[in-house]
Amino acid sequence: MEVIRRVSNIQAWTWTLFINRRVVTSRLPCSFLSSAPVWLGRDGSFPLQWKPASQLKTPKCTARLNFFKSAVTMATGGEDKGPPGFPQHTNRLSMEKSPYLLQHAHNPVDWFPWGQEAFEKAKREDKPIFLSVGYSTCHWCHVMERESFEDAQIGKVLSDNFVCIKVDREERPDVDKVYMTFVQQFSGGGGWPMSVWLTPDLRPFIGGTYFPPKDSLYRPGFKTVLLRIAEQWKNNRDVLVTKSERILEALRRGTAITAKAGQMPPSCPDVMEKCFQQLASSYDEEYGGFSKFPKFPTPVNLNFFFSYWAHHKTSPQGALALQMALHTLKMMALGGIHDHVAQGFHRYSTDSTWHVPHFEKMLYDQAQLAVAYVTAFQISGDEFFADVARNILCYVSRDLSDKSGGFYSAEDADSYPTVDSTEKKEGAFCVWTQKEIKRLLTEPLSEAPEATTIGDVFINHYGVKEEGNVAPEQDPHGELKGQNVLIVRCSLELTAARFGLSVERVKEILKLGRERLAKVREQRPRPHLDSKMLSSWNGLMISGFSRVGAVLGEKAFVERAEQSAQFLKDHLWNPVDRRILRSCYKGEGTEVEQTASPILGFLDDYVFVIAGLLDLYEACLNPSWLEWAEVLQECQDALFWDKEGYGYFSSDPSDPEVLLELKDDQDGAEPNPNSVSASNLLRLSHYLGSTEWEERSQQILAAFSDRLMKVPIALPEMVRVLMAHHHTLRQVVICGCPDSEDTMRLLSCVNEHFVPHKVLLMADGNADNFLYQRLPVLSTMAPQGGKATAYVCKNFTCSLPATTAKELHRLLLE
């Protein structure tokens with residue numbers, strides 16, 4: 001490493017670091033200059049040389065200040081504390097790109113990233129591995145770091161007795177899945193932060209989640225746990241290893257998901273009805289959702305209900321399914337889990353009423369909820385749901401979008417209450433005191449019968465209280481005392497009646513209040529942004545923008561989806577090796593950064609990107625996205641398909657570092673990649689005329705037969721695919737000029753209706769079109785009488801042609 005100094009202007013110095021043939025720069029304030037040259041000039045673990053920047057031929061790029069801090073501290077061997085405010089410790093994580101790993105770069109722990117350097121050290125020194133897994137917006141991960149990993153004594157115990165590895169679960173879901181499966185078996189529960197102790201050959205022997213730093217009456221503290229494990233490793237290793245082997249062997253047997261050659265999927269009617277009954281029995285009739293608390297958004301459940309309703313429209317069960325889905329979505333949108341000031345949805349509600357959320361915001365939630373809300377609008381025609389879908393995409397476009405076209409992963413729950421605060425609090429960015437709101441909304445309402453301000457209306461509508469509206473049991477750490485989480489407590493009509501106003505006037509007042517609060521919130525310290533961009537979650541978000549844009553007829557949303565798809569192709573796709581990369585990272589300006597050893601994509605990266613491309617094709621009708629989806633599906637099949645037992649492995653089974661060949665077996669916060677794969681394969685088979693892919697879709701369903709028959713509630717997304725096979729997918733073919741008014745009317749008709757099992761194709765008459773090459777039958781379809789024409793087909797056995805939206809509407813509803 002070489003350090004280069006130059007003056008950029010009178011306000012600051014710019015330090016340029018030449019590391020591994022790359023140039024990075026960081027700006028430092030003038031107050032640092034007096035001590036910098038002496039401090040930097042000492043010999044340390046890295047050689048330091050002054051060199052004029054003009055002598056470097058490598059193009060310059062920019063890095064974060066903490067990268068500079070890390071390099072300097074490592075250069076001094078970590079012995080010199082340096083100038084005030086600089087970190088006292090730095091470890092190898094400072095050279096990583098993951099925001100989560102960088103959060104731990106200055107712990108007094110000798111952290112390693114996951115990789116051969118750590119594994120070889122463990123074998124060489126015959127030490128067990130301590131593996132810590134989390135993610136950057138994980139609240140309890142922050143707590144354990146503050147309590148334990150920032151403690152010098154605990155750091156010494158860790159570094160002296162273990163090889164310590166830190167993993168971002170969103171970067172390495174393969175590592176996370178294997179060891180979380182072990183922890184759940186070992187301890188009966190799971191979660192993050194995850195703490196696992198491994199042998200040098202990566203076999204787990206003890207596992208848990210969060211550990212408090214000190215001993216208590218009911219559980220030992222983290223330091224005590226570490227010392228006991230170190231002692232057991234020295235004196236009782238054989239027992240630990242033997243126990244580990246037994247657990248791993250049980251896991252291999254217990255996690256196997258297979259089917260025999262020729263095995264057929266289970267009976268659709270039986271599985272569908274059982275899934276409906278299991279979900280309905282867990283439904284909260286008062287507030288919606290499918291648990292008491294904590295209460296999570298579950299788009300996969302809602303999507304199942306929408307599909308179930310589509311096949312049971314005239315039955316009481318169908319009406320109930322629709323009511324449960326719409327009621328849940330409405331209660332969520334009115335609740336505190338929905339950010340009424342800055343849009344988007346928080347991760348989950350800590351109570352049964354959707355009121356007090358866990359305040360982090362995840363990209364994958366926004367993507368799936370946008371689709372659920374726009375589907376609710378398709379079915380109900382209620383603009384309320386369309387507005388919420390727009391609201392979500394507004395948030396993502398503003399706060400989770402990179403200039404390159406990609407989408408960031410998440411925003412944290414914790415932030416500093418004020419610019420002068422030294423300690424973060426959960427929800428600080430989002431909550432309000434009644435006094436604050438009154439001060440911001442002081443204008444009197446002359447039309448109201450009493451002396452009323454717009455603040456009074458706002459406070460009444462959103463349940464704001466002087467003492468705060470968060471119950472103590474929802475605030476175990478006292479971080480929300482006296483604060484209010486906005487939640488809609490009454491309808492617009494009731495608020496209007498309460499103050500003698502019209503509904504339209506109430507809407508104006510609430511909109512004004514939200515906008516004014518949003519401006520104030522912008523002045524607060526923002527929560528940490530996880531600027532990691534994942535292929536999988538970007539794929540989900542492409543679906544969100546595509547589906548909402550198509551249904552609402554808003555081209556800007558579809559164009560944003562195309563921009564993201566192009567971003568993936570430019571930055572996370574290697575066309576030579578035909579491999580998707582897992583992640584990339586925000587750089588300066590429009591630059592995108594990558595790790596020194598890029599992480600190859602996992603199953604969910606291929607699956608969700610393919611699904612996004614299929615949805616994007618139906619929104620913009622550009623066949624090049626279908627063409628790329630076909631390539632990605634071929635790559636996915638080659639990498640992850642289980643030729644013997646069917647279904648897809650979550651990660652590359654040839655990877656020697658992965659101890660268990662796992663297939664996800666439930667639809668959770670994200671849909672199961674095998675569920676979505678079964679859907680993708682079925683859709684692609686109808687786009688591209690591939691019976692092999694339709695058969696492969698059925699083989700996935702057969703592999704999961706046991707789970708589908710016993711606990712279909714665990715796989716509602718896969719049940720939907722089973723329904724699509726049972727009822728036969730429909731092809732809706734529009735023949736005509738893509739930009740003509742008559743074609744647009746037919747396309748609008750298709751997008752206005754919820755048709756759960758269909759593919760939409762555009763036949764523009766161009767024989768060179770990718771679709772015409774894959775589906776010669778399209779050449780037999782043409783506009784009738786010079787008008788754009790629609791055909792609704794099953795296995796390309798088609799209805800009579802329709803040239804009006806009214807005729808097409810009738811065909812779609814049959």
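Quick note: structure is the one above.
Our subject in this report is the structure included herewith. (Residues numbered from 1 in each chain as written. Predicted model: local features only at pLDDT ≥ 70, side-chain atom pairs only at ≥ 80, totals over all residues. Heavy atoms only, no water.)

### Some thoughts on the nonpolar core
Okay, step 1: In this structure, F304, F306, Y373, I734 and L808 are the most contacted members of the largest nonpolar core, which totals 149 residues.
Okay, step 2: Sequence-distant contacts of I734, defined by excluding residues within four places in its chain, comprise T743, L746, L747, V750, L760, L761, M762, A763, T789, A790 and L808.
Okay, step 3: Grouped together as the second largest cluster of nonpolar side chains are 30 residues, C141, F149, F205 and L226 included. (Core = buried A, V, L, I, M, F, W, Y, C linked by side-chain atoms within 4.5 Å. Buried < 20%, exposed > 50% of the residue type's maximum accessible area, 1.4 Å probe, protein only. Contact = heavy atoms within 4.5 Å.)

### Observations regarding the side chain of S404
Okay, step 1: Its location among the elements puts S404 in the loop between α14 (383–399) and β13 (410–411).
Okay, step 2: Of note is the side chain of S404, whose polar atom sits 2.5 Å from the side chain of D402.
Okay, step 3: Ignoring any residue separated from it by four or fewer positions in sequence, one finds S404 in contact with M533, F567, H571, T590 and V592. (Helix = DSSP H or I, 4+ residues; strand = E, 2+ residues; numbered from the N terminus. Polar contact = N/O pair within 3.5 Å; in protein donor to acceptor, adjacent residues only side chain to side chain.)

### Considerations on the pairing of strand β22 (residues 730–735)
Strand residues, when the strand is regular, have side chains that alternate between the two faces of the sheet.
Okay, step 1: Most of β22 is tucked away: six of the six residues are buried.
Okay, step 2: Side chains R730, V732 and I734 of β22 all project onto a buried face; the interleaved residues Q731, V733 and C735 project onto the opposite face, where all are buried too.
Okay, step 3: Direction of pairing for β22 relative to strand β23 (residues 758–763): parallel, over a ladder of six bridges. Bridging across to β23, Q731 finds its partner in V759.
Okay, step 4: Of the crossover connections in this fold, the one passing from β22 over helix α27 (residues 741–752) to the parallel β23 is right-handed.
Okay, step 5: As paired strands, β22 and strand β24 (residues 789–794) are joined by six bridges and run antiparallel to one another. Each residue of the ladder has a partner; that of I734, found in β24, is A790. (Pairing = 2+ DSSP bridges. Right-handed = clockwise from strand over helix to strand, strands pointing away.)

### Looking at the sheet that holds β13
Okay, step 1: Spatially, β12-β13-β16 is the arrangement adopted by the three strands of the open sheet, whose pairing is antiparallel. If you trace the sheet from one side to the other, it starts and ends with β12 (361–362) and β16 (529–530), each paired once.
Okay, step 2: Sheet topology note: the β13/β16 ladder contains two bridges and is antiparallel. Along β16, the bridge assignment pairs E411 with L529.

### Side note on the pattern of salt bridges
Okay, step 1: Summed over the entire model, instances satisfying the criterion amount to 48 salt bridges.
Okay, step 2: Where D339 meets R521, a salt bridge forms, and the shortest distance between an N and an O atom there is 2.7 Å. Here the residue D339 occupies a position in the loop between α12 (316–334) and β10 (348–349), and R521 occupies one in helix α18 (residues 503–521), the gap between them amounting to 182 residues. Note on accessibility: D339 and R521 belong to one class, buried.
Okay, step 3: The residue R582 makes a salt bridge to D604 at a minimum N-O spacing of 3.1 Å. Of the two residues, R582 sits in the loop between β19 (579–580) and β20 (583–586) while D604 sits in helix α21 (residues 603–620), which places them 22 residues apart along the sequence.
Okay, step 4: Owing to a relative accessible area of 2%, R582 belongs among the buried residues under this scheme.
Okay, step 5: Each member of the salt-bridge network shares a partner with another, and the members are R398, D399, E411, E522 and R526. (Salt bridge = Lys/Arg side-chain N within 4 Å of Asp/Glu carboxyl O.)

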